[in-house]
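Structure assessment
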Amino acid sequence: MSISCPPGCPLVRADDLVDDLDPDSNLTLSPQQLAALLLPCCTQTTRDDADEETAQIATTNMGVGAFALAVDNLALNGWVRQPGPVCAAASAAGAYNSVMGYNRDDANAATTEEALQVIVTQRKAKLTAARQSIRRLLALERHGDTDDDSDDAQTAAEREAWRRCLADGKKPGRKAKDGGAGAVTLLTHARAAATEAVECRGDVEDDLATWAGPWPADASELFRLGVLWREWAASNPNASDAVDDDGGDGDEDGDVNAASGGVLVTTAVAPPKKTKMKQPPWLVALKSIFTERCALARLEGDGHGPPSTAPVGNGGLRLVASALHSARDEDRPHPQVRCLLARRVSAVGPPDLKVRADDTAEEMERQWQLLFHHIGRTGSCVQLHLRNHYALAYAARSYAVASGDGGDHSIRRELLTARKGQRPRTWLPFEELLRLCLSWDGHCALLLEQHI
């Protein structure tokens, strides 16, 4: 059998690797599959009477010159299945296994399910903290104005906003295109309910700017919120804009101009940071409640679909790694997460190297060498935040390809990763990763590492 691969192809046939959603698929590559996956261009020659273990692999002269290859073999052995839209949990578990040297079948290896449960537990803790904060800020604990004074009890604003959202036929926590509603919609419902509570009492003076309390003994949670909301709105004309502002950025891609010598040319210039209005602590706590409730609705499925880690950001991955390590009897220090490449300071701190639209070829080469170094280093694992997806970087390769009859060559740089699921199957052009980093602050290359 002879299989020839043209220059630049992914080198994986569709029948070689099945989707990692298939519970019966083999997650470990054979030597033949691994060689075909990693080499820039190869011919596989297998005698009819030979098995995969004795397969003969030989490089051919098909336009590929010298090449460099770095492989994270521990990541190839440690990645785990992604059973649904839970890429953050699956990639976090795989990265932890890689850094700690666990094979996915080891008893101590992390799993997608374990990482997902860690994320859920962390978000529940944040929700409880936000509920405690709003009760303290509204002096509800002091007045005993709750039906249930346990730390994780829902607030009145939370219950009413959820009820109104469901009455409108919306599913809290789901995407708008799926008939869902997010934290801003829930906050709008809470504000309406709080305003109605103030109007129903009829004993609140018109000039709320001079409101100094103390709260009437029978003042409900919604009434207190309504008074604070009207007081803040009276002194801040743009209060509604601040409530609706999620602080999101655009997500536009640029392009690479081959004639510019590989220099990145993009229209996705990082926009200036918005100056956000300072919000009162009670509003911050209330927004946090709805943000965490919506996140948990997606993380747990909540009857509206399969669990999803869409609400998990880069900062959450750092907490997951620490929690996975704490759950194990390990004498080794906790693995640490940091940012390697990004256009701005991220939730895990400043990047080692910033990506800019006007980066020169020399600067792009330094960025590439940074990734190449860590992918080939024991005790570290590179995670990529791609568009709507987290996945590991299993290998990096660069190679020269003949670009014409005159003997000229161009350099290709690629990262082995997964655009869907976690199975290593896609060679991502390095320039595409740079474009993604420029398109949104969250897109980046992260590093989980064990300091020995």
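Presented here is an overview of the structure given in this document. (Residues numbered from 1 in each chain as written. Predicted model: local features only at pLDDT ≥ 70, side-chain atom pairs only at ≥ 80, totals over all residues. Heavy atoms only, no water.)

1. What about the packing of helix 8 (residues 221–235) against helix 10 (residues 281–299)?
It is at 10 Å that the axes of helix 8 and helix 10 come closest, and there the two elements cross at 120°. What the angle tells us is that helix 8 and helix 10 run oblique. The interaxial crossing formed by helix 8 with helix 10 has left-handed handedness. Counted together, Leu225, Leu228, Trp229 and Trp232 of helix 8 and Trp282, Leu283 and Leu286 of helix 10 form the full contact between these two elements. Its residues assigned to classes, the contact of helix 8 with helix 10 shows seven nonpolar, no polar and no charged. (Axes fitted to C-alpha atoms, helices over the stretch in contact; angles between N-to-C directions. Helix = DSSP H or I, 4+ residues; strand = E, 2+ residues; numbered from the N terminus. Parallel < 35°, antiparallel > 145°, perpendicular 65-115°, else oblique. Left-handed = near helix turned anticlockwise from the far one by under 90°. Contact = heavy atoms within 4.5 Å. Nonpolar A, V, L, I, M, F, W, Y, C, P; charged D, E, K, R; others polar.)

2. Details of the environment of His385
Mapped onto the fold, His385 is located in strand 11 (residues 380–386). Each C-alpha atom, one on His385 and one on Cys437, is 8.8 Å from the other, the two residues being 52 residues apart in sequence. Within polar-contact distance, the side chain of His385 engages the side chain of Asn314 at 3.0 Å. At 3.3 Å, the side chain of His385 forms a polar contact with the side chain of Tyr390. (Polar contact = N/O pair within 3.5 Å; in protein donor to acceptor, adjacent residues only side chain to side chain.)

3. Quick notes on the packing of aromatic side chains
Tallying each qualifying case throughout the model produces six aromatic pairs. Taking 6.2 Å as the distance between ring centres and 50° as the angle between the ring planes, the aromatic pair formed by Tyr96 and Tyr102 counts as tilted. Aromatic pair Trp368 and Phe430: ring centres 5.3 Å apart, planes at 65°, arrangement edge-to-face. You can see Trp368 sitting in helix 12 (residues 361–375) and its partner Phe430 sitting in helix 13 (residues 430–439), a full 62 residues away along the chain. Given a relative accessible area of 0%, Phe430 falls into the buried group. Linked through ring pairs, Trp229, Trp232 and Trp282 together constitute an aromatic cluster. Sitting over the ring of Trp162, Arg293 keeps its end group 3.8 Å from the ring centre. (Phe/Tyr/Trp six-rings, centres within 6.5 Å; stacked < 30°, edge-to-face > 60°. Buried < 20%, exposed > 50% of the residue type's maximum accessible area, 1.4 Å probe, protein only. Lys NZ or Arg CZ within 6 Å of the ring centre and 35° of its normal.)

4. So, the sheet that holds strand 16 (residues 444–449)
The strand order 10-9-16-11-12 describes an open sheet built from five strands, whose pairing is mixed. The strands lining the two open edges of the sheet, one partner per strand, are strand 10 (353–354) and strand 12 (389–392). Here two bridges tie strand 9 (residues 336–342) to strand 10, and the two strands are oriented parallel to one another. Within the sheet, the bridge partner assigned to Ala342 lies in strand 10 and is Lys354. Its contacts with the sheet put helix 12 on strand 9, strand 10, strand 11 and strand 16, and the angle it makes with strand 9 is roughly 150°. On top of the sheet, helix 13 reaches strand 9, strand 11 and strand 16; it is set at about 65° to strand 11, its chief contact. (Pairing = 2+ DSSP bridges.)

5. So, the nonpolar core
One finds Ile134, Leu225, Trp229, Trp282 and Leu286 to be the most contacted residues of the largest nonpolar core, which totals 82 residues. In terms of nonpolar packing, the next biggest core, distinct from the first, is built from 25 residues, Met364, Cys437, Leu438 and Leu447 among them. (Core = buried A, V, L, I, M, F, W, Y, C linked by side-chain atoms within 4.5 Å.)

6. Some thoughts on unusual backbone geometry
A positive phi is found at Asn388, a non-glycine position, where the angle reads about 55°. Relative to the helices and strands, Asn388 is located in the loop between strand 11 and strand 12.

7. Brief notes about the pairing of strand 13 (residues 395–402)
Extensive coverage of strand 13 is indicated by the burial of seven of its eight residues. Sheet topology note: the strand 13/strand 14 (residues 409–417) ladder contains eight bridges and is antiparallel. For Arg397, the partnering residue across the bridge sits in strand 14 and is Glu414.

8. Thoughts on helix 4 (residues 112–137)
Between its terminal C-alpha atoms helix 4 stretches 38 Å, which fits the 38 Å expected from 26 residues at 1.5 Å a residue. Where helix 4 ends, the next residue or the one after it, Ala139, has phi of about 60°, a positive value. (Expected span 1.5 Å × (residues − 1).)

9. Observations regarding the environment of Gly94
Summarising the element assignment, Gly94 is placed in helix 3 (residues 87–100). A relative accessible area of 0% places Gly94 in the buried class. Separated by ten residues in the primary sequence, Gly94 and Arg104 place their C-alpha atoms 7.9 Å from one another.

10. Considering the pattern of salt bridges
Applying the stated criterion to the full structure yields 19 salt bridges. Note that Glu158 and Arg293 form a salt bridge whose closest N and O atoms lie 2.6 Å from each other. Within this pair, whereas Glu158 is found in helix 6 (residues 156–167), its partner Arg293 is found in helix 10, the two being separated by 135 residues in sequence. Each of the two residues, Glu158 as well as Arg293, counts as buried. A salt bridge links Arg419 to Glu432; the shortest N-O distance between them is 2.8 Å. Pair noted here: Arg419 is in the loop between strand 14 and strand 15 (426–429) and Glu432 is in helix 13, with a separation of 13 residues, a long-range link. Overall, the relative accessible area of 44% leaves Arg419 in the partly exposed class. Here the salt bridges do not stand alone but share partners, grouping Glu160, Arg163, Arg164 and Glu196 into one network. (Salt bridge = Lys/Arg side-chain N within 4 Å of Asp/Glu carboxyl O.)

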